Every structure is written in structure tokens, then in C-alpha cells.
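Residue-level listing of the chains:
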Amino acid sequence: MTAMPLITAMACGGLGVVAGLVHFRLMRQAIRKHVEAHDARGALPLHLARLALAIILFGLAAHLGALPLLATFAGFLVARRLVVRAVHVPT
């Protein structure tokens, strides 16, 4: 294996983390709109934006191959873990 697929996979992993953080930030904003403003229509663009972001990101990663796709997904999961840890409220 040459270095280029590994570099691509590492870049996709980093991009997955960043995209995951954006995804969960948009989710948080949409939930706030639902809860605080009782505005489902105002939250719809946020839901559509995060869905489009995920579809485009994973579609491009899949186009690059299996390893970049897995790296992107792993980065997305890392972002999820970071967000869950940041908002966790001890009981």
C-alpha cells in the first residue's frame, strides 16, 4: 500500500470529524427551535441542511473508495462522541 491512500483516508477522517461537529451543531439548533420557539417550519431548513451535508460527504467519500468512506464514518463517530461528552449532564 502506498502512502497516498493513507493520506486520503486521514484527510477523510479529519473531514468526517469537522462535518460531524457541524451536523450535530445544526441538530442542536433545530432542536432548540422546536423546543423554545415551537417552530417546526423554522427547524426544517436546519434538518435538511444537515441531511444534505451527510449525503454529500458520504457520497464523495464512497466515490473515493472503501477506506476513505470508513475513515469518514469513523471521524463522524468521533465527532458524535465529542458532542455527547460535551453536553453530558451528570445525574
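Here's what I pulled together on the structure shown here. Predicted model, so just to flag it, every value in this text is computed and none were measured.

## Digging into the packing of aromatic side chains
Thinking step 1. Taken as a whole, this structure holds three aromatic pairs when the rule is applied.
Thinking step 2. Through pairs of rings, three or more aromatic residues link up here, namely F24, F58, F73 and F76.

## Things to note about the packing of helix 1 (residues 3-36) against helix 3 (residues 66-87)
Thinking step 1. At a minimum axis distance of 6 Å, the contact between helix 1 and helix 3 shows a crossing angle of 40°. One element, helix 1, and the other, helix 3, form an angle in the oblique class. Seen from above, helix 1 lies across helix 3 with right-handed handedness.

## Regarding the packing of helix 1 against helix 2 (residues 40-64)
Thinking step 1. Two elements in contact, helix 1 and helix 2, have axes separated by 8 Å at closest approach and are oriented at 170°. Classed by the angle they form, the pair helix 1 and helix 2 counts as roughly antiparallel. Helix-helix and strand crossings are classified by hand; for helix 1 and helix 2 the assignment is left-handed.
Thinking step 2. Each residue belonging to the contact of helix 1 with helix 2 can be placed in one class, and the counts come to 14 nonpolar, seven polar and two charged.

## Some remarks on the environment of P68
Thinking step 1. Structurally, P68 can be placed in helix 3.
Thinking step 2. Remark: the alpha-carbon pair of P68 and L26, spanning 42 residues in sequence, is separated by 24 Å.

## Re the environment of L82
Thinking step 1. Structurally, L82 is set in helix 3.
Thinking step 2. Spatially, the C-alpha atom of L82 lies 9.4 Å from that of V17, the residues being 65 residues apart in sequence.

## Some words on the side chain of H23
Thinking step 1. Turning to its location among the elements, H23 is positioned in helix 1.
Thinking step 2. For H23, a relative accessible area of 10% corresponds to the buried category.
Thinking step 3. Filtering out sequence-adjacent residues up to four positions away, H23 remains in contact with R50, L53 and F76.

About the cut-offs
Residues numbered from 1 in each chain as written. Predicted model: local features only at pLDDT ≥ 70, side-chain atom pairs only at ≥ 80, totals over all residues. Heavy atoms only, no water. Phe/Tyr/Trp six-rings, centres within 6.5 Å; stacked < 30°, edge-to-face > 60°. Axes fitted to C-alpha atoms, helices over the stretch in contact; angles between N-to-C directions. Helix = DSSP H or I, 4+ residues; strand = E, 2+ residues; numbered from the N terminus. Parallel < 35°, antiparallel > 145°, perpendicular 65-115°, else oblique. Left-handed = near helix turned anticlockwise from the far one by under 90°. Nonpolar A, V, L, I, M, F, W, Y, C, P; charged D, E, K, R; others polar. Buried < 20%, exposed > 50% of the residue type's maximum accessible area, 1.4 Å probe, protein only. Contact = heavy atoms within 4.5 Å.

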